[in-house]
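Residue-level structure breakdown
Now for the letters of each chain:
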Amino acid sequence: MEIHLFERLPSTQKYLLEALQQKRVTAPVAVMALEQYAGIGSRDNEWKGGKGNFFASIAIPLQMLPSDLPLSSASIYFSFLMKKTLEELGETLWLKWPNDFYVEDKKVGGTITKKTEETLVCGMGINLKHSQNGYHALESEIDSKMLLEKYLERLYTFPNWKQIFSEYEIEFELSRPFSVHIENKKRSLTDACLCEDGSLILGEKKVYSLR
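This write-up is about the structure you can find in this document. Worth saying up front: this structure is predicted, and the values here are computed from it rather than measured. (Residues numbered from 1 in each chain as written. Predicted model: local features only at pLDDT ≥ 70, side-chain atom pairs only at ≥ 80, totals over all residues. Heavy atoms only, no water.)

1. A word on the overall build of the protein chain
- Along the protein chain, the regular secondary structure elements total four helices and 13 strands.
- Taking 211 residues into account, the globule formula puts the C-alpha radius of gyration at 17 Å, and the protein chain, at 16 Å, falls close to it.
- Expressed along its principal axes, the backbone C-alpha trace of the protein chain runs to roughly 45 × 35 × 35 Å.
- By the burial criterion, 52% of the 211 residues in the protein chain qualify as buried.
- A separation threshold of at least 6 residues defines the contact pool for the protein chain, and within that pool the share at least 24 residues apart is 63%.
- With the model as given, the accessible surface of the protein chain reaches about 10,200 Å², and the carbon-plus-sulfur share is 47%.
- Seen as two clouds, the 26 positive and the 29 negative side-chain charges of the protein chain have centres 5 Å apart. (Helix = DSSP H or I, 4+ residues; strand = E, 2+ residues; numbered from the N terminus. Rg over C-alpha atoms; globule rule 2.2 N^0.38 Å. Buried < 20%, exposed > 50% of the residue type's maximum accessible area, 1.4 Å probe, protein only. Contact = heavy atoms within 4.5 Å. Areas by Shrake-Rupley, 256 points an atom, 1.4 Å probe, with all protein chains shown as cover. Lys, Arg positive; Asp, Glu negative; His and termini not counted. Charge placed at Lys NZ, Arg CZ, Asp CG, Glu CD.)

Here is the structure:
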C-alpha cells in the first residue's frame, strides 16, 4: 500500500477524503502526519497533537474487505486490529465499544470511519507518547511510522468479521461500566446486548457503531 507521509496536516482524514474525491490518490492508500492540528474526533471534536503521537487515515476499496464484514461495524474491525498490533508490540490496552482505545479506565485514542461510494476511509488518533486532547497516553517508545507499517501488515491479512467478533465479544464486557453518546444523549452500557453484527440493543433500540 502506498503511504503518503507529511510533517504536518490539519487532518489526515479530511486530506484523504478530499484527495480521493479529487482523484489525486486511489485506494488502497494511507496518509500519515507527524503533527495534526485540526483532526476529527468523535462527535466532531478535534483530535490534534504533536510529534510522537499517531495520526493516520487509510482508504480501502470496499471489494477488498471481508465479505462478512458489516460496514456499520467497520470501526470495531479496524480498531480491534490496531489493538492487536499494539499488543504484539508490548502494549496493554482494550477497545471500548465502538471505537475508543483505553488503558484501564483512561482513553488514549480512537477511530472514525467514513464510507464513500466505493471506499471505506478509516482515521485513527492515538496518544502514543504525549497526553493530549484531554486524554492520557500510552507513554510508549513505539515509533508512529513503524506502527503504521505493522498495522497495515496485519490489516492486509483481512481476517473475517466472524473471527474478529469472536474475540471482541469477550472484550466487550470491559465496556459495561461506561456510557456512550447516542443521539446526543449519554447511554449506559451496563445492560447492553451486543449483536453478532457489532450493533447494540439498548433498551428497545438497536444502535450501530459506524462513526
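2. Focus on the layout of surface pockets
- Space inside the largest pocket adds up to approximately 350 Å³.
- Residue lining of the largest pocket: 14 residues in total, with Leu 20, Gln 21, Lys 23, Thr 116 and Thr 119 positioned closest to the centre.
- Examining the composition of the lining of the largest pocket, we find that four residues originate from one element, helix 1 (residues 12-21), more than from any other.
- Of the residues contributing to the lining of the largest pocket, the split by class is five nonpolar, five polar and four charged. (1 Å grid on protein atoms, 1.4 Å probe; cavity = no way out; pocket = protein on both sides within 12 Å on 5 of 7 lines; lining within 4 Å. Points joined across faces, edges and corners; volume = space filled by probe spheres on them. Nonpolar A, V, L, I, M, F, W, Y, C, P; charged D, E, K, R; others polar.)

3. Notes on the packing of helix 2 (residues 74-88) against helix 4 (residues 161-171)
- Orientation of helix 2 relative to helix 4, taken along the N-to-C sense of each, is 75 degrees, at an axis distance of 10 Å. Put simply, helix 2 runs roughly perpendicular to helix 4. Between helix 2, through Ile 76, Tyr 77, Phe 80, Leu 81, Lys 83 and Lys 84, and helix 4, the contact on the second element is made entirely by Trp 161, Ile 164, Glu 167, Tyr 168 and Glu 171.
- Residue classes in the contact of helix 2 with helix 4 are distributed as seven nonpolar, no polar and four charged. (Axes fitted to C-alpha atoms, helices over the stretch in contact; angles between N-to-C directions. Parallel < 35°, antiparallel > 145°, perpendicular 65-115°, else oblique.)

Without other data, these values stay purely geometric and don't point to any function.
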